[in-house]
Amino acid sequence: MKKTIAVDGEHAYQVTFADSWLEKLNEIRAKRKSVLITSSKVADAIGLSIEGFDLFLVPDGEAAKDVVTLQAAWEFLESHGIERQDLIVAIGGGSITDFAGFAAATWLRGIDWIAIPTTLAGMVDASVGGKTGINGRSGKNLIGSFHSPKEVIIDLALLSTLTDRDFRAGLAEVIKCGFIADPEILKNLEDSTLEELRNPQGIAKLSDLVRRSIAVKAKIVSEDFRESGSRAFLNYGHTLGHAIEHLSGYQLRHGEAVSIGLNFAAHLGFKHLGLERESYLRHRELLERYDLPVRFDSGAFDSLFSVMRLDKKNKDGIIRFVLLREIGNPVLFAELKEGNLRVAYQEVMS
Ligand SMILES: NC(=O)c1ccc[n+]([C@@H]2O[C@H](COP(=O)([O-])OP(=O)(O)OC[C@H]3O[C@@H](n4cnc5c(N)ncnc54)[C@H](O)[C@@H]3O)[C@@H](O)[C@H]2O)c1
Ligand SMILES: [Zn+2]
């Protein structure tokens with residue numbers, strides 16, 4: 001099995017599959033002065049003994065992506081004499097890699113960073129592609145920068161301590177990759193179960209799914225790093241998904257909201273773009289196989305529509321959806337009127 005996947009951005013880098021993330025970390029630290037950024041919850045979960053490191057701890061989860069924490073990180077980098085040739089290593093889920101990548105982007109006009117993702121969503125999505133950032137007062141990811149890591153190190157053993165809920169949420173992004181670009185992912189998931197993927201004996205299947213999903217993302221971001229075209233396909237399921245995530249007050253995991261959004265987008269593809277009914281239903285069956293939600297409050301359309309209209313990805317106030325003509329063939333579709341969306345929403349959610 002290939003040990004690396006190449007990604008292009010403002011520079012080329014590799015996603016490396018490692019047998020031991022700790023060995024890799026020690027190799028890196030032996031070569032360059034490095035600051036580690038993680039949270040105490042992640043450090044505990046993965047058994048990282050924090051002695052002997054220049055370590056900056058952030059609050060757990062989304063709370064890390066805050067300007068007050070960033071200010072503290074800059075002060076830490078300054079007091080530890082971090083210079084242009086030095087390195088930041090991010091160990092954690094997407095909230096930590098987003099934060100640490102942005103700290104690296106802004107320190108001394110940009111220093112190198114390496115990502116060691118510890119969640120499934122982090123491995124297949126957040127750590128690859130160079131988007132880094134923190135949240136603004138009025139919305140997620142408002143403050144950020146494109147700043148690709150120098151390397152992404154994947155060790156699947158890190159996933160063993162993840163909750164089933166977070167694991168499933170990551171699978172929603174894997175399923176998304178399957179529908180937009182790699183039907184083999186769908187077949188493999190249809191032949192498997194959550195228990196099997198989480199069992200050490202299922203490691204080959206999980207490894208294949210993670211590699212395929214990273215390959216999908218790597219190909220798309222390498223072709224369209226700054227999102228002027230096809231990178232938007234990675235937002236399949238995200239137009240409604242983001243609005244649901246927001247409206248739930250972030251009580252739903254990103255992947256759970258995306259799962260509902262995928263089922264909705266599949267229905268729109270079926271109604272408006274000729275996606276076969278069987279392919280539409282395949283979305284729901286697969287998401288439900290992994291206990292991911294496919295429905296949201298049927299009375300929430302008006303609130304969701306207001307949030308979708310404000311999405312920063314819209315142009316001229318028109319809501320754009322990524323839809324499928326067929327599996328593996330996504331298009332950006334901007335012709336849906338409020339009435340079309342309302343009818344589809346009622347059909348899917350009731
Ligand atoms: N930059 C991008 O392209 C991109 C893409 C997708 C998502 N994101 C961002 O990623 C973030 C979500 O990332 P996430 O889903 O990884 O969530 P997360 O980073 O918030 O982590 C979720 C929870 O898992 C815990 N955790 C992490 N690793 C663990 C482990 N190995 N064992 C046990 N517990 C562990 C964390 O402590 C946390 O409580 C969001 O902020 C989102 O905006 C960024
Ligand atoms: Zn996502």
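The structure this text deals with has already been given above.
Quantities reported herein were computed from a predicted structural model and do not represent experimental measurements.

**Quick notes on the pairing of strand β4 (residues 54-57)**
Of the strand pairs in this sheet, strand β3 (residues 34-38) and β4 are connected by four bridges, and their pairing is parallel. Bridging from a neighbouring strand, Val35 pairs with Asp54 of β4. One crossover worth recording links β3 to the parallel β4 by way of helix α2 (residues 40-46), and it is right-handed.

**Description of the pairing of strand β6 (residues 112-117)**
In terms of residue burial, β6 counts as a mostly covered element, since five of its six residues are buried. Crossover handedness for the path strand β5 (residues 87-92) to helix α4 (residues 94-106) to β6: right-handed.

**Section: the packing of helix α6 (residues 164-181) against helix α11 (residues 254-272)**
Contact geometry for α6 and α11: axes closest at 7 Å, N-to-C directions at 40 degrees. As judged from the angle between their axes, α6 and α11 are oblique. Crossing hand, α6 versus α11: left-handed. Along the contact surface, α6 presents Arg165, Ala169, Ala172, Glu173, Ile175 and Lys176, while α11 presents His254, Gly255, Glu256, Val258, Ser259 and Leu262.

**Quick notes on the environment of Asn235**
Along the chain, Asn235 falls in the loop between α9 (203-223) and α10 (238-247). With 35 residues separating them along the chain, Asn235 and Pro200 place their C-alpha atoms 31 Å apart.

**Focus on the pattern of salt bridges**
Per the counting criterion, the structure on display carries 24 salt bridges. Ionic pairing is found between Asp66 and Arg137, a salt bridge with its closest N-O pair at 3.6 Å. One end of the pair, Asp66, is in the loop between β4 and α3 (67-79); the other, Arg137, is in the loop between β7 (131-136) and β8 (139-146), with 71 residues separating them in the sequence. Ionic contacts of the salt-bridge type, sharing partners, join the residues Glu62, Lys65, Asp98 and Lys140 into one network.

**Observations concerning the coordination of the zinc ion (ligand 2)**
Taken together, Glu173 (OE), His238 (NE2) and His254 (NE2) make up the full set of protein donors to the zinc ion (ligand 2), lying 2.0 to 2.1 Å away. Of note, the zinc ion (ligand 2) draws all its donor residues from one chain, in the sequence arrangement E-x64-H-x15-H. One end of the pair, Glu173, is in helix α6; the other, His238, is in helix α10, and 65 residues separate them in sequence. A single burial state applies to Glu173 and to His238, both of which are buried.

Criteria and cut-off values
Residues numbered from 1 in each chain as written. Chains lettered and ligands numbered in written order. Predicted model: local features only at pLDDT ≥ 70, side-chain atom pairs only at ≥ 80, totals over all residues. Heavy atoms only, no water. Pairing = 2+ DSSP bridges. Helix = DSSP H or I, 4+ residues; strand = E, 2+ residues; numbered from the N terminus. Right-handed = clockwise from strand over helix to strand, strands pointing away. Buried < 20%, exposed > 50% of the residue type's maximum accessible area, 1.4 Å probe, protein only. Axes fitted to C-alpha atoms, helices over the stretch in contact; angles between N-to-C directions. Parallel < 35°, antiparallel > 145°, perpendicular 65-115°, else oblique. Left-handed = near helix turned anticlockwise from the far one by under 90°. Contact = heavy atoms within 4.5 Å. Salt bridge = Lys/Arg side-chain N within 4 Å of Asp/Glu carboxyl O. Donors = N, O, S within 2.8 Å, 3.2 Å for Na, K, Ca; no water.

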